[in-house]
Amino acid sequence: DAGITQSPRYKITETGRQVTLMCHQTWSHSYMFWYRQDLGHGLRLIYYSAAADITDKGEVPDGYVVSRSKTENFPLTLESATRSQTSVYFCASSESTGSKNIQYFGAGTRLSVL
Amino acid sequence: KNQVEQSPQSLIILEGKNCTLQCNYTVSPFSNLRWYKQDTGRGPVSLTIMTFSENTKSNGRYTATLDADTKQSSLHITASQLSDSASYICVVPGGTPTGGGNKLTFGTGTQLKVEL
């Protein structure tokens, strides 16, 4: 299916465990992003990538690791999950960073850390 | 600090009625402002993008306005439908992106519920 897909949609884990959230896009967009959405906060950028093998930190990167070996995939790993990382995670992609470019979002992954 | 503030936080209206959502921003330099619609359990979807030179922009029953002087935007929904029930998020690119990243500053959204 064309578009941007995230997996899993729901995940429950325990503190200290490693968790990887997957993101796949079929548009060959150069840019990909990971956000978290929490009550009382707007979406906050965790990491972004401008191209394969190029990644950079966003606003809230601590405790997260990303990689981008292929243009279409941008996994997000929580190396040792903490309760504060309970959140809804959204992946997004965009063709460019021009003034009118649009970011397209996946459906999200709801993560609960117990 | 770049900020985007939205009001009201939540709103309930009857089907067929109109409503207006507000967005105030303090982002500099300013290039454009976006409105996104987020259905429950889904990711945000772009409704409109407005540059500083655009005062009004429509997308079906959605009309966005922008006053770059006062740094305010509004989203007007005409003849609301049950399917308009969603969170509406105002988004402004957070100044000059570094390293090529398009960093966006998101408002916390207005939760709209349309009832029969």
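Residues numbered from 1 in each chain as written. Chains lettered and ligands numbered in written order. Predicted model: local features only at pLDDT ≥ 70, side-chain atom pairs only at ≥ 80, totals over all residues. Heavy atoms only, no water.

K.L.:
Can you break down the overall build of chain A residue by residue, with the values?
P.N.:
When helices and strands are counted, chain A shows zero helices and eleven strands. Counting from the amino terminus, helix and strand elements in chain A follow one another as β-β-β-β-β-β-β-β-β-β-β. Taking 13 Å as the expected radius of gyration for a compact globule of 114 residues, we find that chain A reaches 13 Å, a close match to that expectation. Projecting the C-alpha coordinates of chain A onto the three principal axes gives extents of approximately 40 × 30 × 25 Å. Across the 114 residues of chain A, 46% fall into the buried class. Within chain A, contacts between residues separated by at least 24 positions form 55% of all contacts whose residues are at least 6 apart in sequence. Carbon and sulfur atoms provide 47% of the accessible area of chain A, an area that totals close to 5600 Å². Once the 11 positive and 10 negative side-chain charges of chain A are each reduced to a mean point, those two points are 6 Å apart. (Helix = DSSP H or I, 4+ residues; strand = E, 2+ residues; numbered from the N terminus. Rg over C-alpha atoms; globule rule 2.2 N^0.38 Å. Buried < 20%, exposed > 50% of the residue type's maximum accessible area, 1.4 Å probe, protein only. Contact = heavy atoms within 4.5 Å. Areas by Shrake-Rupley, 256 points an atom, 1.4 Å probe, with all protein chains shown as cover. Lys, Arg positive; Asp, Glu negative; His and termini not counted. Charge placed at Lys NZ, Arg CZ, Asp CG, Glu CD.)

K.L.:
Describe the confidence of the model for chain B, and please don't skip the residues or the numbers.
P.N.:
Residue and element names in this part refer to chain B. Mean pLDDT over chain B stands at 90; residues scoring 70 or higher make up 91%. Averaged pLDDT values over the elements of chain B bottom out at 87 in strand S10 (residues 104-106) and peak at 98 in strand S11 (residues 110-115). Below a pLDDT of 50 lies the segment residues 95-101, which in the model reaches 15 contacts outside its immediate sequence neighbourhood of four places, other chains included. (pLDDT = per-residue confidence, 0-100.)

K.L.:
Account for the environment of B:Asn55, naming residues and giving values.
P.N.:
All names here are of chain B. Relative to the helices and strands, asparagine 55 resides in the loop between strand S5 (45-51) and strand S6 (56-59). Residues asparagine 55 and valine 4 lie 51 residues apart in sequence; the distance between their C-alpha atoms is 18 Å. For asparagine 55, the residues in contact, after removing those within four places along its chain, are Met50, Ala64, Thr65 and Leu66.

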